[in-house]
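# Breakdown of the fold
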Amino acid sequence: MAVNTKTVAHSVIEGMSVLVTHAMASQVFHSRNSPHSVDEDEAKMKRYAERVVLLRDLRNRFEDLMFGAIDD
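These numbers come from a predicted model, not from an experiment.

### Some remarks on the overall build of the protein chain
The secondary structure content of the protein chain amounts to 2 helices and 0 strands. Rg of the C-alpha trace for the protein chain: 17 Å, well past the compact-globule value of 11 Å for 72 residues, more than 25% over. Overall size of the protein chain, expressed as C-alpha extent along the three principal axes, is 50 × 30 × 15 Å. The buried share of the protein chain, taken over its 72 residues, is 18%. Partitioning the intrachain contacts of the protein chain with sequence separation of at least 6 by distance along the chain shows that 69% fall at a separation of at least 24.

### Observations regarding the nonpolar core
Note that soluble globular proteins tend to have their nonpolar side chains buried in a common cluster. Core analysis: the biggest nonpolar cluster contains 5 residues, these being M16, V20, A23, V52 and L55. Looking at this core, the elements that each hand over two or more residues are α1 (5-32) and α2 (38-67). Among the elements that take part in this core, α1 stands out by supplying 3 residues, more than any other. Residues within four places of V52 in sequence aside, it is in contact with V20, A23, M24 and Q27.

### Side note on the environment of V28
Within the fold, V28 resides in helix α1. Sequence separation between V28 and L55 is 27 residues, and the spatial gap between their C-alpha atoms is 17 Å.

### A word on the pattern of salt bridges
Summed over the entire model, instances satisfying the criterion amount to 1 salt bridge. The partner of D57 in a salt bridge is R61, with the nearest N and O atoms 3.7 Å apart. Within this pair, D57 and its partner R61 are both found in helix α2, separated by 4 residues, close to a single helical turn. Classification of D57 as partly exposed rests on a relative accessible area of 35%.

### Structural notes on the environment of R51
Mapped onto the fold, R51 is located in helix α2. Assessed through its relative accessible area of 47%, R51 is described here as partly exposed. Along the backbone, R51 and Q27 are 24 residues apart, and their C-alpha atoms lie at a distance of 9.8 Å.

Rules used throughout
Residues numbered from 1 in each chain as written. Predicted model: local features only at pLDDT ≥ 70, side-chain atom pairs only at ≥ 80, totals over all residues. Heavy atoms only, no water. Helix = DSSP H or I, 4+ residues; strand = E, 2+ residues; numbered from the N terminus. Rg over C-alpha atoms; globule rule 2.2 N^0.38 Å. Buried < 20%, exposed > 50% of the residue type's maximum accessible area, 1.4 Å probe, protein only. Contact = heavy atoms within 4.5 Å. Core = buried A, V, L, I, M, F, W, Y, C linked by side-chain atoms within 4.5 Å. Salt bridge = Lys/Arg side-chain N within 4 Å of Asp/Glu carboxyl O.

The following block contains the structure:
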């Protein structure tokens, strides 16, 4: 079975982008609809922000791995 590596890589990047968007939307939703104490809210918001940063970093690193220059 032939696999188009670029197509698969683009699918992974699109999936990672969906995860980033979902994490950002969850962060916004939680900031507007929080049933917890202020301390719990701050901790949760920090975790959401960290998740967004890490997902973006993973997506960027994967994109560089798949589409970056191999031979300089």
